[in-house]
Amino acid sequence: MNLAGSLGPIITTVLVQYYDWRIIMSVSGVICMTVAVACLLTVKNEPSDVGLPNIEPGGKKGKGKKG
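All of these numbers come straight from a predicted model, not from anything done at the bench.

Caption draft 1: The overall build of the chain, seen in detail. Scanning the chain from N- to C-terminus turns up 2 helices and 0 strands. Here the chain holds 67 residues, and the buried ones make up 10% of them. About 6,000 Å² of surface is accessible on the chain, with carbon and sulfur atoms providing 65% of the total.

Here it is in C-alpha cells:
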C-alpha cells in the first residue's frame, strides 16, 4: 500500500553518497510521486474489474418483516 513511502528512504540513502541534500530530496520526491501515480493507475477499484461478482448493498435485511 505504501510503496512510494517506503521507496523514499532507500533512494535517499543511495543518493546521499553522491549529491547535495537539495538534489537528493528533489529527485527522491519526483521518483516517489511517479511510483505513486503508477500504483494509482494500476489499482483495481471494483470486484468486477478483476472478474468477481459485485456485492449488492444490504437491502434484503428488512424484507418480509411486518412491524
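Caption draft 2: Just helix 2 (residues 21-42), in detail. A rise of 1.5 Å per residue sets the reference length of helix 2, with its 22 residues, at 32 Å; its end C-alpha atoms lie 32 Å apart and thus fit the reference within 8%. Listed as buried for helix 2 are Ile 24, Ser 28 and Cys 32. The arc enclosing the buried residues of helix 2, seen along the axis, measures out at 45°, which places them on a common side. Exposed side of helix 2, more than 90 degrees from the buried face: Arg 22, Met 33, Leu 40 and Leu 41 are the residues found there.

The rules behind the values
- Residues numbered from 1 in each chain as written.
- Predicted model: local features only at pLDDT ≥ 70, side-chain atom pairs only at ≥ 80, totals over all residues.
- Heavy atoms only, no water.
- Helix = DSSP H or I, 4+ residues; strand = E, 2+ residues; numbered from the N terminus.
- Buried < 20%, exposed > 50% of the residue type's maximum accessible area, 1.4 Å probe, protein only.
- Areas by Shrake-Rupley, 256 points an atom, 1.4 Å probe, with all protein chains shown as cover.
- Expected span 1.5 Å × (residues − 1).
- Arc of directions from axis to C-beta.

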